[in-house]
Amino acid sequence: MNVAIEDLHVGYAGRNVVAGVHLMAASGEIAGLVGPNGSGKSTVLRTVYRHLRPTAGRVLLAGTDLRTLTPGQTARQVAALPQERGSDFELTVREVVMMGRTPYKRAFAGDDHEDRERVAHALAAVGLAGHQARRFSALSGGERQRALLARAFAQDPEVLVLDEPTNHLDIRHQVDLLTLLRDRRRTTLISLHDLNAAAALCDRLHVLHDGRVVASGTPREVLTPDLLAEVFGVRAAVTEHPLTGDLLIAYDHRAPLPAPCG
Ligand SMILES: Nc1ncnc2c1ncn2[C@@H]1O[C@H](COP(=O)(O)OP(=O)(O)OP(=O)(O)O)[C@@H](O)[C@H]1O
């Protein structure tokens, strides 16, 4: 299922912070949103999982305007790992992950065999099988993150929307997560701050700057030293990873460039 974002305008309290964004994730494609803090990545993603309503423009799922779908229809097609991640669930890990099955249940229906199977698989996939009876609120930041990711997998969506999913994860769990997303490939919109991870994972990248897409293409097309300087304000060499052949950005951590130009 493809996702098309057309001329999207969206904002908060009457102020648009995203203006005229066009981007597309083809069916099965992993599309990355990258850009500096405040560039509008989360805001764009929030319109795809319907946390925010566009002020103009539209989001299409396989050609259907999201606004014509019921919340239940949307939830069977789109699962999100949002940035606003609850920490106050007085539920067990298993109960949180089971919430991912809600869109498939009739009102007041219990968990069936398929629900239990999918939840068990999702917990195992994120390495939390042994933690399912723990209270969600007692988990560490990274464990919570993985539980919420399991909830998104349990939802068995056509489209995954992940807002900085590697936040809080140690490097091994970051690598595990990227591997999982590659292995369980489905149409994915993902925001990432780690541009090397984005280059290793994403088929295409969309660079946001001040609420607009300023570059789109493969990681190699997009992540050039000039773009890194202009958009992110850093000096960097772009080279090749000696083990994987992926694009590798080596930042100059000693000297920032003058403030990036708008
Ligand atoms: N709930 C909100 N209310 C008001 N303004 C907001 C809200 N959320 C974000 N903004 C503003 O909208 C703009 C875009 O923010 P957004 O969170 O989409 O950027 P981002 O690229 O995801 O940033 P980051 O990399 O820091 O997560 C920023 O100026 C931000 O201050």
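Analysis parameters
- Residues numbered from 1 in each chain as written.
- Predicted model: local features only at pLDDT ≥ 70, side-chain atom pairs only at ≥ 80, totals over all residues.
- Helix = DSSP H or I, 4+ residues; strand = E, 2+ residues; numbered from the N terminus.
- Rg over C-alpha atoms; globule rule 2.2 N^0.38 Å.
- Buried ≥ 20, exposed ≤ 12 C-beta atoms within 10 Å, placed from the backbone.
- Contact = placed C-beta atoms within 7 Å.
- Pairing = 2+ DSSP bridges.
- Near = placed C-beta within 6 Å.
- Nonpolar A, V, L, I, M, F, W, Y, C, P; charged D, E, K, R; others polar.
- Axes fitted to C-alpha atoms, helices over the stretch in contact; angles between N-to-C directions.
- Arc of directions from axis to C-beta.

> Describe in detail the overall build of the protein chain, supporting the description with residues and values.
Helices and strands together make up the secondary structure of the protein chain, namely nine helices and twelve strands. Since a compact globule built from 262 residues should have a radius of gyration of about 18 Å, the 19 Å found for the protein chain is in line with a globular shape. Taken over 262 residues, the protein chain has a buried fraction of 37%. Taking contacts inside the protein chain between residues at least 6 apart in sequence as the whole, the part at least 24 apart equals 66%.

> An account of the pairing of strand β6 (residues 78-81) is requested, with residue identities and associated values reported.
Here β6 shows a buried face lined by V78 and A80 and a second buried face lined by A79 and L81. As paired strands, β6 and strand β7 (residues 159-163) are joined by four bridges and run parallel to one another. For L81, the partnering residue across the bridge sits in β7 and is L162.

> Please set out the site of the ligand residue by residue, giving values where relevant.
Taken together, the neighbourhood of the ligand is formed by Y12, V17, G35, N37, G38, S39, G40, K41, S42 and T43. Of the residues forming the shell around the ligand, the biggest block, three residues, is contributed by helix α1 (residues 41-48). Here the residues of the shell around the ligand are counted per class, giving two nonpolar, seven polar and one charged.

> Go over the sheet that holds strand β2 (residues 15-25) with me, naming the residues and quoting the values.
Across the sheet, which stays open at both edges, the four strands sit in the order β2-β1-β4-β5 with antiparallel pairing between neighbours. Each end of this open sheet is capped by a strand with a single partner; those strands are β2 and β5 (64-65). With five bridges joining them, strand β1 (residues 3-12) and strand β4 (residues 56-61) adopt antiparallel strand pairing. The partner of I5 across the bridge, within β4, is V59. The sheet contacts of α1 involve β1, β2 and β4, and relative to β1 the element is tilted by about 115°.

> Lay out helix α9 (residues 225-232) with the relevant residues and their values.
All of the buried residues along α9 are L228, V231 and F232. For α9, the angular spread of the buried residues around the axis is 90°, confining them to a single face. On its buried face, α9 is in contact with β9 (204-209), β10 (212-217), β11 (236-240) and β12 (247-251). G233, located one to two residues past α9, shows a positive phi value of around 70°.

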